[in-house]
Amino acid sequence: MDVCLIQTLILFCSLICCFWADTSSNKSTPNIIIILMDDMGWGDLGVFGQPSKETPNLDSMAAQGMLFPNFYAANPLCSPSRASLLTGRLPVRNGFYTTNAHARNAYTPQEIVGGISKDEILLPQVLKKKGYVSKIIGKWHLGHSAHHLPLEHGFDEWFGAPNCHFGPYNSSDRPNVPVYNNSQMVGRYYEEFGIDKKTGESNLTQIYLEEGLDFIFHQNMAQRPFFLYWAADATHAPVYASKRFLGKSQRGRYGDAVMELDYSVGQMLAWLRALGIDKDTFVFFTSDNGAAVMSGPKQSGSNGPFLCGKETTFEGGMREPAIAWWPGHIPAGTVSQQLGTVMDLFSTSLSVAGLSVPDDRLIDGLDLSPVLHNNTLINRPIFYYRGNEMMAVRVGPYKAHYWTWSNSWEEFNQGINFCPGQEVAGVTTHTQQEHTMQPLIFHLGRDPGEKYPISVVTKEYQDALSRITAVVEKHKKGLVPGVPQLNMCDMAVMNWAPPGCEKLGKCLKAPKSQPWKCDWPH
């Protein structure tokens, strides 16, 4: 199905749905769509000031809904942030961290042994209580062994991949990443699902869009409430876009990918309107972490005025673009100054569905329903974790750094820079610097770039420190870390023979199992 056919179908449905929109309405149990971008930065949207203004659909979504300038990932890296979105819990609680080295980022590459724990309760598992049908489209990234895959954790349908679209690989050393349709692989990246690294051309975003529109249509026809988790990854390096969008952006290939994703969001919202279920569908758009500025301008986005990017606990690493959309329920054109996180999508989605959060565990996410409906402000802190260490805390406009670290001197000297052009003396340190006795405190309203620490001799510093210290002490007192899932690696667990490979003749022989402790340099 090409984009012209998609547009024709939307127009056709918009003409006929007025005759049966009322009968297809499902007001008692609203549909839920979470659109999660990959490495998209706060400054990538026109509504947040991107000068190219190449995101008209997302800008329109914000004009019709609620914009969140103070919204955060739960971690500055893909996998832990995604685990937190679906569990409502910090990575240090849900196990998506490592104890192999202090304050190290860790994720789920092909050689990881671990993944999402069976003891964690994921959003689609709870939504089943109200009869929701759940589908994930795109990147999972919470473990690729069969027992870690989405259909084992509450999702009813899946089209996408368990890992990043790195490659192409030599099958004798490392297999290309599989693409699944539900529980069976249907091919691999760079093989059946092409990504031209030279030109950046790939049809994956269009495939994901078609899958999303088809799922929405069929669940609506069956009058079943649905949860769609649309996790396209075109803005993760190596970035890609379909032929229609390549070369169209002022921002190069990365901008092309953003334009196509913006178009896709616009098509999904138009589809909801055409089907007459826009007022019955809560939609939230955000990203898993900040732009990967270490990838350079051709492969990464913009974090706006914020310091550094992905993998750091500075604002550029964890502050995300965020938009809530629900016509007739969320006042149009509103801007909320609420401090929010992706973990809140767990609690808020359950509230929207008329469900309570699990009461047998600590949930870090808040129910943002009062914010969405009344623009209420809820007092809450933001915790910035990197691996097993709480690096910083935000309370109101103040942010205190207890540890600072960008990336190691070894990486930096190899040309890998997590803060290119943004070095701040004593702040973007290349060794792990402890400040627990005298935290670096910034006022993010006056200084969103975290360049000017407040003087420790001022009353403002002492007052802010007093407030933050009370929050930190309470948090640490109640913290019970989960069992770390990202400690062990093994070449034998990679995607050699995923379920369904035998039907395609694409099974590969795995090497002998020789597990080791993963080495996380960042």
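Residues numbered from 1 in each chain as written. Predicted model: local features only at pLDDT ≥ 70, side-chain atom pairs only at ≥ 80, totals over all residues. Heavy atoms only, no water.

### Concerning the sheet that holds strand 16 (residues 398-401)
Reading across the sheet, the four strands line up as 14-15-16-19 and stay open at both edges, with antiparallel pairing between neighbours. The two strands at the open ends of the sheet, each matched to only one other strand, are strand 14 (382-386) and strand 19 (440-443). Averaged over all pairs of adjacent strands, the angle between their axes in this sheet comes to 20°, without regard to strand direction. Strand direction decides the pairing type here: strand 16 and strand 19, joined by four bridges, are antiparallel. Within strand 19, the position partnered with Ala-400 by the bridge is Ile-441. Seen against the sheet, helix 13 (residues 459-477) touches strand 14, strand 15 (389-395), strand 16 and strand 19 and runs at an angle of roughly 125° to strand 15. (Pairing = 2+ DSSP bridges. Helix = DSSP H or I, 4+ residues; strand = E, 2+ residues; numbered from the N terminus. Axes fitted to C-alpha atoms, helices over the stretch in contact; angles between N-to-C directions. Contact = heavy atoms within 4.5 Å.)

### Some details on the pattern of salt bridges
If you walk through the whole model with that rule in mind, you get 21 salt bridges. Across the pair Lys-310 and Asp-39 runs a salt bridge, and its minimum N-O distance is 3.0 Å. Of this pair, Lys-310 sits in the loop between strand 9 (281-287) and helix 9 (315-318) while Asp-39 is found in the loop between strand 1 (31-37) and helix 3 (56-64), placing the two residues 271 residues apart along the sequence. Assessed through its relative accessible area of 8%, Lys-310 is described here as buried. Judged by its relative accessible area of 2%, Asp-39 is buried. Arg-380 is the salt-bridge partner of Asp-344, the closest N and O atoms lying 2.8 Å from each other. Highlighted residues: Asp-344 in helix 10 (residues 344-352) and Arg-380 in the loop between helix 11 (369-374) and strand 14, separated in sequence by 36 residues. A relative accessible area of 8% places Arg-380 in the buried class. Three or more residues joined by partner-sharing salt bridges are found here, namely Asp-38, Arg-82, Lys-139 and Asp-288. (Salt bridge = Lys/Arg side-chain N within 4 Å of Asp/Glu carboxyl O. Buried < 20%, exposed > 50% of the residue type's maximum accessible area, 1.4 Å probe, protein only.)

### Things to note about the pairing of strand 9
Summarising burial for strand 9: seven of the seven residues are buried, a large majority. Of the two faces of strand 9, the one carrying Thr-281, Val-283, Phe-285 and Ser-287 and the one carrying Phe-282, Phe-284 and Thr-286 are both buried. Relative to strand 9, strand 1 is paired through seven bridges, and the arrangement is parallel. In the sheet register, Ile-35 faces strand 9, and the bridge partner there is Phe-285. Across three bridges, strand 9 lies against strand 11 (residues 323-325) in antiparallel orientation. Across the sheet, residue Phe-285 finds its bridge partner in strand 11, namely Ile-323.

### Observations regarding the domain arrangement of the chain
Per the domain assignment, the segments of the chain are domain 1 (31-380) and domain 2 (389-478). Domain 1 and domain 2 are separated by 27 Å when their C-alpha centres are compared. Carbon and sulfur atoms make up 58% of the area that domain 1 and domain 2 hide from each other, which totals about 2100 Å². When the buried area of domain 1 at its contact with domain 2 is split by residue, His-102, Leu-307 and Phe-314 rank highest and sum to 28% of it. Here domain 1 is connected to domain 2 by one salt bridge. (Domains from an automatic or database assignment. Buried area = accessible area lost by both parts, 1.4 Å probe.)

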